[in-house]
Amino acid sequence: PGVPPRRYENENTGWETAYKTDIGLELNFLGSIDFQFDYFAEHRTNILMDRALVPSSMGLQSNPKANVGEGKSSGFEFSIDYNKYFSNDMWGTGRGNFTYATSKYKVYEEPDYSDMPWRSHVGLSSQQEWGYIAERLFVDEYDVANSPKQNFGGNIPTMGGDIKYKDINNDGKITELDKVPIGYPKVPEIIYGFGLSWGWKGIDASVFFQGSARSSFWINPNTTAPFVYKQRALLQAYADNHWSEDNRDIYALWPRLSEDYVVNNEQTSTWFMRNGAFLRLKNAEIGYTVPEKLVKKARISMLRVYCSGTNLLTFSKFKIWDPEMGGNGLGYPVQRVFNAGIQVNF
């Protein structure tokens, strides 16, 4: 069949140029509180991207690339550390950190979208996701016939119980032109954490939380669909909340059940979009160090007993599986671990 070119030569292609700004501040209060703040920004020009305005009459098999893009990213981060030794053998430490980072295109080669502004990338994040607006599920075949035409290919026609998408440009059919920016980026724009450690005489305890915000993920209907090829189990969440002939819930979590992939229901859309924000109790530990005078007779210099745990609690609006797993709830889950032990030094 021949060898098709995947990339055409462009001798004018050059380096991207980045102008970076970084401003930092470090402060100390009362000898026990350290504060650090950092602002960062980057203005990038000559971004290498596919040409979008190449006419099909040129007969090219792939779009050439050129340095035509321009974007900006910025953000800030700060941290606070606390260390204090009190009287009566009591001490405490604490730490908190917060990072926010975002980006957007300032120049993006694309067709003139003045009549379809929702198609433009300019001003949006480089990590922005695009998809369809899902209105509800179709009630029946009569509902399908009296709605904008949906045909994403495949051998299975659109039926009652399938996802109904919104016709954004009102042309009577659902196409790529109806895709709009949806949700937050998949990469969180906010990452934060905080923790405390405390001790008094031989007792010590510590906790650490981590979290993220301003991110979205999409339940993957391809990897979580039940019954496909008669090999995949039915998740309890889908069993309890799906469309069926006996229960035509047009806002059910899962569309109609099928033994085959339904291409219509696999499109990226707001139907399977979920908030990826979460707060997790990542680590917790409590211990007790036996006084040295009680163990030195056994020629032991230190004896400590403790118990600890990892991934103990997760706070999230998403309840079906761990939000950090993203769209595939059938992957290997985040493990909750409990430990108990004894530390001995001779």
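The coordinates are above.
The numbers attached to residues start from 1 for each chain and follow its sequence in the written order. Note on the predicted model: pLDDT of at least 70 is required for a residue's local features to be given, and 80 or more for side-chain atom pairs to be given and counted; whole-chain, interface and lining totals, by contrast, use all residues. Just so you know, side-chain values use all the structure's heavy atoms and leave hydrogens and water out.

A. Highlighting the pattern of salt bridges. Each reported salt bridge corresponds to a side-chain nitrogen of Lys or Arg within 4 Å of a carboxyl oxygen of Asp or Glu. Scanning the entire structure with this criterion turns up 17 salt bridges. Residue Lys65 is joined to Asp50 by a salt bridge in which the shortest nitrogen-to-oxygen separation is 2.9 Å. Residue Lys65 is located in strand E3 (residues 65-85), and its partner Asp50 is located in strand E2 (residues 33-50); the two are separated by 15 residues in the primary sequence. Accessibility here uses a 1.4 Å probe with only protein chains present; expressed as a share of the type maximum, an area under 20% marks a residue as buried, one over 50% as exposed, and anything in between as partly exposed. Here Lys65 falls in the partly exposed class, since its relative accessible area comes to 33%. Owing to a relative accessible area of 40%, Asp50 belongs among the partly exposed residues under this scheme. In this structure, the salt-bridge partner of Arg256 is Asp162, at a minimum N-O distance of 2.8 Å. Of the two residues, Arg256 is situated in the loop between helix H3 (236-240) and strand E14 (273-275) and Asp162 in the loop between strand E7 (149-150) and strand E8 (163-165); the sequence distance between them amounts to 94 residues. On the accessibility criterion, Asp162 (0% relative accessible area) is buried. When salt bridges with common partners are traced through the structure, they connect Glu16, Lys20, Glu42 and Arg44 into a single cluster. Note on conventions: DSSP H or I runs of at least 4 residues are helices, E runs of at least 2 residues are strands, and numbering of each starts at the N terminus.

B. Region of interest: the pairing of E2. Strands were regarded as paired on the criterion that DSSP finds at least two bridges between them. Sheet topology places strand E1 (residues 17-29) next to E2; 13 bridges connect them, and they run antiparallel. Bridge pairing in E2 links Thr21 to Ala41. Adjacent in sequence and paired antiparallel, E1 and E2 are bridged by three residues, among which Leu30 carries a positive phi angle near 60 degrees. Here E2 pairs with E3 via 17 bridges, running antiparallel. Along E3, the bridge assignment pairs Phe40 with Gly75.

C. Region of the structure containing the sheet that holds E1. The nine strands lie next to each other as E1-E2-E3-E4-E11-E12-E15-E16-E17, forming an open sheet whose pairing is antiparallel. Either end of the sheet is taken by a strand with one partner, and the two such strands are E1 and strand E17 (337-345). Across this sheet, the average inter-strand angle for adjacent strands is 10 degrees, counted without regard to direction. Helix axes use the C-alpha atoms of the stretch in contact, all axes being lines fitted to C-alpha atoms, and the angles between their N-to-C directions lie in the range 0 to 180 degrees.

D. The arrangement of unusual backbone geometry in detail. Of note in this structure, Leu30 is not a glycine but carries a positive phi near 60 degrees. The residue Leu30 is located in the loop between E1 and E2 in this model. Of note in this structure, Asn88 is not a glycine but carries a positive phi near 65 degrees. Positionally, Asn88 belongs in the loop between E3 and strand E4 (90-107). The class for Asn88 is exposed, based on a relative accessible area of 60%.

E. Examining the packing of aromatic side chains more closely. Stacked, edge-to-face and tilted labels apply to pairs of Phe, Tyr and Trp rings (six-membered ring for Trp) whose centres lie within 6.5 Å, assigned for plane angles under 30 degrees, over 60, and everything in between, in that order. Counted under the stated rule, the structure contains 14 aromatic pairs. Their ring planes at 90 degrees and their centres at 5.0 Å tell us that Phe217 and Phe318 sit as a pair that is edge-to-face. Here the residue Phe217 occupies a position in strand E13 (residues 216-218), and Phe318 occupies one in the loop between strand E16 (302-315) and E17, the gap between them amounting to 101 residues. No difference in accessibility class separates Phe217 from Phe318, as the two residues are buried. Counting every residue linked through ring pairs, the aromatic cluster contains Phe35, Phe37, Phe76, Phe78, Phe98 and Tyr100.

F. Just the side chain of Ser32, in detail. Counting through the fold element by element, Ser32 comes out in the loop between E1 and E2. Contacts were defined at the residue level, with two residues in contact if any of their heavy atoms lie within 4.5 Å. Filtering out sequence-adjacent residues up to four positions away, Ser32 remains in contact with Asp81, Tyr82, Asn83 and Lys84.

G. Fine view of empty space enclosed by the protein. Here a cavity is any set of points on a 1 Å grid over the protein atoms alone where a 1.4 Å probe fits but cannot get out, and a pocket is any open set with protein on both sides within 12 Å along at least 5 of 7 lines; a residue lines the site when it has an atom within 4 Å of a point. Grid points are joined across faces, edges and corners, and a volume is the space filled by probe spheres set on the points. According to the stated counting rule, one finds one cavity of 30 Å³ or more in the structure shown. Taken as a whole, the largest cavity holds about 130 Å³ of empty space. Lining of the largest cavity is provided by 15 residues; of these, Ala225, Trp254, Arg256, Asp260 and Val262 occupy positions nearest its centre. Its residues placed into classes, the lining of the largest cavity shows 10 nonpolar, two polar and three charged. Residue classes follow a fixed rule: Ala, Val, Leu, Ile, Met, Phe, Trp, Tyr, Cys and Pro count as nonpolar, while Asp, Glu, Lys and Arg count as charged, and any other residue, Gly among them, counts as polar.

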